[in-house]
Amino acid sequence: MGRDRGGRGGGKTGTKTGSQIEPGVFPIDAGTAEITRDPFTEGAWLLTLNGAESSQLNPDTPLDLGFEYMRWIAAVMMHRWEAGEPLRILHLGGAGCTLARWAAAWYPAARQTAVELDAGLAALARERFALPRAPQLRIRVGEAGEVLGAAYPGSRDVVIRDVFAGTRPEDQATPAHLLGVEAAEAAARVVGDGIYLVNHGGGPDLTAARREAATLREAFSTVAALADPQMLKGRRRGNIVFAASNGPLTGGGDSRRDALVRHLLSDPLPTRLVDPLEAFAAGARPFGEPLDGG
């Protein structure tokens, strides 16, 4: 979810490794993964899982992000922490590890773990996607909720939830046990005063998005939403990124928040920052599924 034809670099490039990626269809535990050339971006590749577009792979220019929601996540991080800071990042959902590759370029001292349930996909990513090596990026095969629940308090600066499951593109959804208050509280413990970044995908009916916002507000003092205005008006299918924190959303006071707003408005898909979210979440019931899915 979140594909558009825009993209924006950050002034740095990665090692020339794109030649290691080859097209093809590969078996994974949950079905098939297909790698094809991106018809809109020279040098980039697309990863499709069971027919659903999952990741853009752009190893030669890792700061160019073709998926809109990934650019929004990157923007939040860039305006909270200076480039080069040694962040501790946990990615719930690995797939093509595009955001992890971006973070390794913008924050080269970062230490990252990407959690991927599908062992076949994790092996494919490590073998064929020319990813940064440990300790910059470790890929852990496991269930995202279990890893999150077992993580030490304050052990991460950033947790990114980008988990979708389903055998067909139209069935793609975040598993229920990652949506509840218990999962949000677990994320709050793990990030401390850092940021929990959630990729919410859905259609014009914003009921689930409002419930997601209400759930996060149970565990975090600050919850903001990032989306294009048409999505927020319920006029199209797409993505909303929720940024939740018990610390500051941006560094450096109001000037940095204003800079984030300008950054989002200048995106190839101009994006709105909604903060606070009281009106958006008004009347919505938080998700109640426990972390273990029981």
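Structure: see above.
Residues numbered from 1 in each chain as written. Predicted model: local features only at pLDDT ≥ 70, side-chain atom pairs only at ≥ 80, totals over all residues. Heavy atoms only, no water.

A. Expanded view of the packing of helix α1 (residues 68-80) against helix α8 (residues 254-265). Packing of α1 against α8 brings their axes to within 10 Å, and their N-to-C directions diverge by 155°. With respect to α8, the element α1 is oriented roughly antiparallel. In the crossing of α1 with α8, the sense of the turn from one axis to the other is right-handed. Here α1 contributes Trp 72, Ala 75, Val 76, Met 78, His 79 and Arg 80 to the contact with α8, which in turn contributes Arg 256, Ala 259, Leu 260, His 263 and Leu 264. (Axes fitted to C-alpha atoms, helices over the stretch in contact; angles between N-to-C directions. Helix = DSSP H or I, 4+ residues; strand = E, 2+ residues; numbered from the N terminus. Parallel < 35°, antiparallel > 145°, perpendicular 65-115°, else oblique. Left-handed = near helix turned anticlockwise from the far one by under 90°. Contact = heavy atoms within 4.5 Å.)

B. Main features of the sheet that holds strand β3 (residues 45-49). One open sheet accounts for four strands, arranged β1-β2-β3-β4; its pairing is antiparallel. Each edge of the open sheet is held by one strand with a lone partner, namely β1 (24-28) and β4 (52-57). Neighbouring strand axes in the sheet, compared pairwise and without regard to direction, differ in orientation by 25° on average. Packed onto the sheet, helix α3 (residues 119-128) meets β1, β2 (31-37) and β3 and runs at close to 140° relative to β1. (Pairing = 2+ DSSP bridges.)

C. Spatial organisation of the nonpolar core. If you look at the biggest cluster of nonpolar residues, it comprises 36 residues, and the most contacted ones within it are Phe 220, Ile 240, Phe 242 and Phe 280. The element that contributes the greatest number of residues to this core is helix α5 (residues 181-191), accounting for six residues. Leave out the neighbours within four places in its chain, and Phe 280 touches Leu 206, Ala 209, Arg 210, Ala 213, Leu 232, Ile 240 and Phe 242. By size, the runner-up hydrophobic cluster in this structure holds 34 residues, among which are Leu 65, Met 77, Ala 243 and Leu 273. (Core = buried A, V, L, I, M, F, W, Y, C linked by side-chain atoms within 4.5 Å. Buried < 20%, exposed > 50% of the residue type's maximum accessible area, 1.4 Å probe, protein only.)

D. Layout of the packing of aromatic side chains. In total, this model carries four aromatic pairs according to the counting rule given. Ring centres of Trp 102 and Trp 106 lie 6.4 Å apart, and the angle between their planes is 10°; this geometry places the pair in the stacked category. Of this pair, Trp 102 and Trp 106 are both found in helix α2 (residues 98-106), four residues apart, which corresponds to roughly one turn of the helix. Just as Trp 102 is buried, Trp 106 falls in that class too. Ring centres of Tyr 196 and Phe 220 lie 5.9 Å apart, and the angle between their planes is 20°; on these two criteria the pair is classed as stacked. Here the residue Tyr 196 occupies a position in strand β9 (residues 195-202), and Phe 220 occupies one in the loop between α6 (207-217) and β10 (222-227), the gap between them amounting to 24 residues. With respect to class, Tyr 196 is no different from Phe 220; both count as buried. (Phe/Tyr/Trp six-rings, centres within 6.5 Å; stacked < 30°, edge-to-face > 60°.)

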